[in-house]
Amino acid sequence: MGTLPKLHFLLLISKVLFFSMAQLKPVVAQQLYADSRWIVDGDGRRVKLACVNWPAHLQPLLAEGLSKLPADTISRKIREMGFNCVRLTWALELPMNETLASLTVTQSFQNLGLFESLAGIKSNNPSLINLPLMEAYKSVMTSLRNNQVMVILDNHITTPGWCCSGEDGNGFFGDKYFDPQVWMQGLHKMATMATGFSNVIGMSLRNELRGPRQNVDDWYKYMQQGAESVHAANPDVLVILSGLHYDKVLSFLQNRPVSLSFTKKLVFEMHWYGFTDGEAWQSGNPNDVCKAVSNEVMSQSVFLLEQGYPLFVSEFGADERGTNVNDNRYMNCFMAMAAEFDWDFALWTLQGSYYLRQGVVGMEEFYGLFNYDWSGIRNSSYLRRISVLQLPFQGPGGLQTVAHKVIFHPLTGLCILRRRRPTRLVLGPCIYSEPWSYTPQNALWVMGLPLYLRAIGLGRPVRLGTSPTEPGTKWEMISASEMHLSSKAEDGSTVCLDVNAHNTVMVEACKCLSSESSCDPASQWFRLVDRTRL
């Protein structure tokens, strides 16, 4: 946005924030339903879940960060960051181990030797220190409710601690610490407890099933029983089912749907990280890797949207320091798919640090939105980038518009906008994009106006022509990723859309089309995203 005057930029941002808050109006006193692929309210209007994970399943059994800030401050900041929902994790022993759950916060932290954190809790949240752990957990839920934040309760693990390992005994039904009958009792208790909280809109039955025991038949047997147990205890909540292999695989549902006694409450969830595919993003050409991984994600889980089920991407994220090449490249591909399919999501993660993780006191979390001491945002550019996903592109209700496309730039989370004077195109907030159409003749047309995206010459800004027959107005999706928009410019050169340091949309020589791994094409990646609502 460097080409926009400062005052205009500030007005633009304030409008974005206004519309964001309006679109993300919480529904903490309403039930939500599954209606085909959408999550909707009682009037059939889409409610996009724009969530962030807030872990409370580690050994202290208390939501992270309460030694750094008051609970209400954290809850309010979640809303201020544009999220309308928290995926609040819990360990099965919280409801099922009465001895553990009856410990006070003080006793829990003293037993773990976390005296500095306990002192912080006494300072920032003094009302919690003498509460039993379950009551402290409920106090966090109350804080979120008071700040109009919806909650999804996620059974993350059985024994409190870091998740997840294939050999930790918590991975699949029948493992050492995963008795399915105890699990169902725990689900029933938590679902019953949640009836007292109008902001609890969903329950995720189990995080990242994994390990050598996993099999499809037991998945159906126990996940269906768990779903029925939750629904019987609390018919108001959405019931969210995870897949196999660390919540990556749901492909078995293509030919064998679940069988439940209730309707309009079923949601599926998936996880997708850069490390899900090892170091493929760094060692391969990003175009090739994005195509291969996107196809895999599509066949393993995203197909459910086409089958008419909501899909909740309940974990994704990246190292916010920006130094992890694997994460950076994955995130560009993820952003393109997330905008295209407009799925509900929960970002990993909120916390900048942990009380105790894997034996390390105060471990820093580089995927966390907060910085280490929770005094501010770790990476404001990262937060601005993902904010485009917080608003719906599609779905019933809201401000409907004629179906059209926006030209989305995954690297920045922005879209191509038209400036009045001069007739130059820049990147800006997607809610201000003109309605574009991609015609059968491969022209990109501003709908309702005789204006067509046009390449003039190499190294020059794109312009808007007045006829689809002018040179440089035919645009084709090339490369394995199908995110390079390429044209034959007026000067005869073959060019691709690109963006300069000032967010002006340019045409440059197409890059990274070969199989080399050292080249990063992210500045030239664009995705045509469908939009039906403002």
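Everything quoted here is computed from the prediction, not taken from an experiment.

## Here we look at the overall build of the protein chain
- A tally of regular secondary structure across the protein chain gives 13 helices and 24 strands.
- Expected size for 534 residues packed as a compact globule is a radius of gyration near 24 Å; at 24 Å, the protein chain falls within 12% of this value.
- The principal-axis extents of the C-alpha atoms in the protein chain amount to approximately 75 × 50 × 45 Å.
- Residue burial in the protein chain is summarised as follows: out of 534 residues, 59% are buried.
- If you take every contact in the protein chain between residues at least 6 apart in sequence, the share linking residues at least 24 apart comes to 72%.
- For the protein chain, the exposed surface amounts to about 20100 Å²; the carbon and sulfur share of it is 52%.

## Topic: the packing of aromatic side chains
- On inspection of all chains with the given rule, the structure shows 23 aromatic pairs.
- Taking 5.9 Å as the distance between ring centres and 50° as the angle between the ring planes, the aromatic pair formed by Y330 and F334 counts as tilted. Highlighted residues: Y330 and F334, both in helix α12 (residues 325-341), separated by four residues, approximately one helical turn. Accessibility classification places Y330 together with F334 in one group, the buried group.
- For the pair F341 and W343, a centre-to-centre distance of 6.2 Å together with 5° between the ring planes defines the contact as stacked.
- Through pairs of rings, three or more aromatic residues link up here, namely W272, W281, F316, Y330, F334, F341, W343 and F345.

## Description of the side chain of H231
- Position of H231 relative to the elements: it lies in helix α9 (residues 216-233).
- If we ignore the near neighbours within four places in the chain, the residues touching H231 are F262 and K265.

The rules behind each value
- Note that residues are indexed from 1 along each chain, following the sequence as it is written.
- Given that this is a predicted model, residues contribute local features only at a pLDDT of at least 70 and side-chain atom pairs are listed and counted only at 80 or more, while totals for whole chains, interfaces and linings are drawn from all residues.
- Hydrogens are left out, water is left out, and the side-chain values use all remaining heavy atoms of the structure.
- Labels follow the DSSP assignment, with helices taken as runs of H or I lasting at least four residues and strands as runs of E lasting at least two, numbered in each case from the N terminus.
- Radius of gyration means the value over C-alpha atoms here, while the globule rule gives 2.2 Å times the residue count to the 0.38 power.
- Only protein chains enter the accessibility calculation, which uses a 1.4 Å probe; a residue whose area is less than 20% of its type maximum is buried, one above 50% is exposed, and one in between is partly exposed.
- We call two residues in contact whenever any of their non-hydrogen atoms come within 4.5 Å of each other.
- For accessible areas, the Shrake-Rupley method is used with a probe of radius 1.4 Å. Any residue's cover is judged against the shown protein chains and nothing else.
- Pairs were defined over the aromatic rings of Phe, Tyr and Trp, the Trp ring being its six-membered one, requiring ring centres within 6.5 Å. Orientation was assigned from the angle between planes: stacked under 30 degrees, edge-to-face over 60, tilted for the rest.

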